[in-house]
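# What the coordinates show
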Amino acid sequence: MQTMPAHAAHHDDREIETLEEFDATVSARGTLAGHRVQAVDLTDRTRDLLTTDTAGAVFLGCAMREEAAAKVRADGALVFPPVPDLPFDPYRGHVYSPDELFESLADGYEATPDARAYAWFQRTKADGDIYASMLRAVHDDSVSDALDELLSGARVVGVMGGHAMARGTQEYAGAARLGRELARAGFTVATGGGPGAMEAANLGAHAAPFGDEMLTESLELLAKAPHFTPSITQWATAAFEIRTRWPQGGRSVGIPTWFYGHEPPNAFASHIAKYFANATREDGLLARSDAGVVFLPGAAGTVQEIFDNATPNYYESRGEPTPMVLVNRAHWTEKLPTWPLLQSLARGRSMEARIALVERIEEAPEALKRLGG
């Protein structure tokens, strides 16, 4: 069964992201000089802060008592205090979980941190306030840092596809089986984190440790709330019912954005790296899919992702080209004829041996293996 490295095993050992790490560092090293402390509540650690050297340390969004803050500043530390009344933490040390983003779902989707962060974004993005745009940038950078730590050492396969694919369809079931097979083969599935094809692949990864009948039952239950419109609340509640029935599923990553606010994140990704900036999110998702990407039928967004992925493969700007598997001949040669262009680009270059077009979703894992050498 696929594993993801234990969190924090690979982050810079001067980075402190939990109270446990803070206590361990103070007792083992006796100093916090030069350390980075990220989003840790230090209100009950005043004595430690008063008696420990904090020269050159940086405290990002750490609550602390006034006397402690004054002392660490006098030591020459930088203190970026928590920002009051924000629906998100810009300095967060970890990616999100579905439970965190959908907290208060019982009161309706509008009450969740996910919906509140989107509402804040809508309010602030048009007014050109440097402070709000800085907070968004700091948040996104913190999320990228946490995602790198999470995925360190994992073999990541991206699954791309449209949000329009409804639960209860053959296509959705196929995308879920793909996610399950990739997870069982030891890959970490990464998607754009939204509904449709993305949700299906994350659901499949969640289903990986269970018997095959679990996915069959889940697909039937989900078909009762086929789409996230008209009610995100019902759509998300159906997913949480499955997660409650089958907890401890396989791990996978969703990388969505508040830029598409009409589109909620799906609850089947065990880890969610959600961004304000869509460009950062797109590039990060593809750059981290180091074991290849499967492109299911989609529209403009998926076409964009194909060429966002093809360009670094063409120039080899990220090193060796990574495998690209397009699924559904008619879709990618007639409806949106992306494949002929991709073939022409690849001709005579090393990426030529790393691209494939397959008819059926079931052929994708085998194609990935073949292309990955």
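Preceding this paragraph is the structure being described.
This is a predicted model, so every value here is computed, not measured.

What counts and what doesn't
Residues numbered from 1 in each chain as written. Predicted model: local features only at pLDDT ≥ 70, side-chain atom pairs only at ≥ 80, totals over all residues. Heavy atoms only, no water. Core = buried A, V, L, I, M, F, W, Y, C linked by side-chain atoms within 4.5 Å. Buried < 20%, exposed > 50% of the residue type's maximum accessible area, 1.4 Å probe, protein only. Helix = DSSP H or I, 4+ residues; strand = E, 2+ residues; numbered from the N terminus. Pairing = 2+ DSSP bridges. Expected span 1.5 Å × (residues − 1). Polar contact = N/O pair within 3.5 Å; in protein donor to acceptor, adjacent residues only side chain to side chain. Arc of directions from axis to C-beta. Contact = heavy atoms within 4.5 Å.

Core analysis: the largest hydrophobic core is formed by 51 residues, its most contacted members being L178, L182, L203, V294, L296, V325 and V327. Elements with a minimum of two residues in this core: β5 (156-160), α7 (170-184), α8 (197-207), α9 (212-222), α10 (232-245), β10 (324-327), β11 (355-358) and α15 (364-371).

What follows is about the sheet that holds strand β2 (residues 36-38). Read across the sheet, four strands follow the order β1-β2-β3-β4 without closing on themselves; strand pairing throughout is parallel. In this open sheet, the two edge strands, each paired with only one partner strand, are β1 (15-16) and β4 (78-80). With two bridges joining them, β1 and β2 adopt parallel strand pairing. Within the sheet, the bridge partner assigned to E15 lies in β2 and is R36.

This part takes up helix α6 (residues 130-151). Helical geometry: 3.6 residues make up each α-helical turn, so side chains three or four residues apart lie on a common side. Taking 1.5 Å as the rise per residue, α6 with 22 residues should run 32 Å; its terminal C-alpha atoms sit 31 Å apart, in good agreement. At the N-terminal boundary of α6, the capping side chain belongs to D129, with an oxygen 2.9 Å from the backbone nitrogen of Y131. Where α6 ends, the next residue or the one after it, G153, has phi of about 85°, a positive value.

The alternating pattern of β11 places I355 and L357 and A356 and V358 on opposite faces, both of which are buried. One ladder, built from four bridges, connects β10 with β11; its direction is parallel. Residue pairing in the sheet places V325 in a bridge with A356 of β11.

A separate point is α9. Within α9, the full set of buried residues consists of M214, L215, S218, L219 and L222. For α9, the angular spread of buried residues about the axis comes to 130°, placing them on one side. Tucked into the core, α9 has its buried residues touching α7, α8 and α10.

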